[in-house]
Amino acid sequence: MKTDADRAVEAQRAEWEALGIYRDLIEFPDGWWHSVARLGLAPGAVTQTLSGKPASRKLIWPHGDQVETSLSVWTQPNSWHHFCCDHVVTFSLVPLAADRTLLRTSWLVHEDAVEGVDYDVDKLTEVWRATNAQDGRLAENNHAGIKTDGYQPGPYSNEEKLVDAFKSFYVVKSLEALEPAATEG
């Protein structure tokens, strides 16, 4: 049985198809950790701001500011890029130590956009600043649990398959890198 949300996604996909906007998830290359997907936004929202309205008057794509969608590119587990009609937001995570990670977030607007004239930095950044703060608290709580003696790792969820693929790749490449050192000693 289809829900209202299912019907809304179908309607958005039909609209995207009519506009010539590619809409299907792409995971590439096989077995790796990259993916691209067009995501629907909340009804009436055309960008990733609290109001759902553009934070920049200078748009960066040719379909105007009426299409309820964004495009996301993920390089799991440490890089995400969200393309909206008015801006792009990118994230990267760089491990610094076992208990420290650098999060770098960048917001990009049209090259001709002028701060304070065409866009307001606070409106542009408020969604992802709040999301990053919430995610940071979740990560800190998870890390605190992992550090306890009672922690036992479990399987990844289906939603974490790209993280699992990256972890598997990383382990294989790390072991391969250690092989020459093991045979030399």
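Quick note: structure is the one above.
As the structure is a prediction and not an experimental result, all values here were calculated from the model. (Residues numbered from 1 in each chain as written. Predicted model: local features only at pLDDT ≥ 70, side-chain atom pairs only at ≥ 80, totals over all residues. Heavy atoms only, no water.)

Draft legend 1. The arrangement of the nonpolar core in detail. By size, the foremost hydrophobic cluster in this structure holds 12 residues: Ala 37, Ala 55, Trp 74, Trp 80, Val 89, Phe 91, Trp 107, Ala 113, Tyr 119, Leu 124, Val 127 and Trp 128. Those elements that provide at least two residues to this core are strand S5 (88-97) and helix H2 (121-146). Sorting elements by how many residues they give to this core places H2 first, with three residues. For Tyr 119, the residues in contact, after removing those within four places along its chain, are Ala 55, Ser 56, Val 109, Ala 113, Val 114 and Leu 124. If you look at the next biggest cluster of nonpolar residues, it comprises five residues, including Trp 16, Val 46, Trp 61 and Val 67. (Core = buried A, V, L, I, M, F, W, Y, C linked by side-chain atoms within 4.5 Å. Buried < 20%, exposed > 50% of the residue type's maximum accessible area, 1.4 Å probe, protein only. Helix = DSSP H or I, 4+ residues; strand = E, 2+ residues; numbered from the N terminus. Contact = heavy atoms within 4.5 Å.)

Draft legend 2. View of the side chain of Ser 72. Mapped onto the fold, Ser 72 is located in strand S3 (residues 69-75). Under the relative-accessibility criterion, Ser 72 is labelled buried at 0%. Within the local environment of Ser 72, its side chain forms a polar contact with the side chain of His 82, the two groups lying 2.6 Å apart. Residues in contact with Ser 72, not counting those within four places in the same chain, are Ser 35, Val 36, Ala 37, Leu 39, His 81 and His 82. (Polar contact = N/O pair within 3.5 Å; in protein donor to acceptor, adjacent residues only side chain to side chain.)

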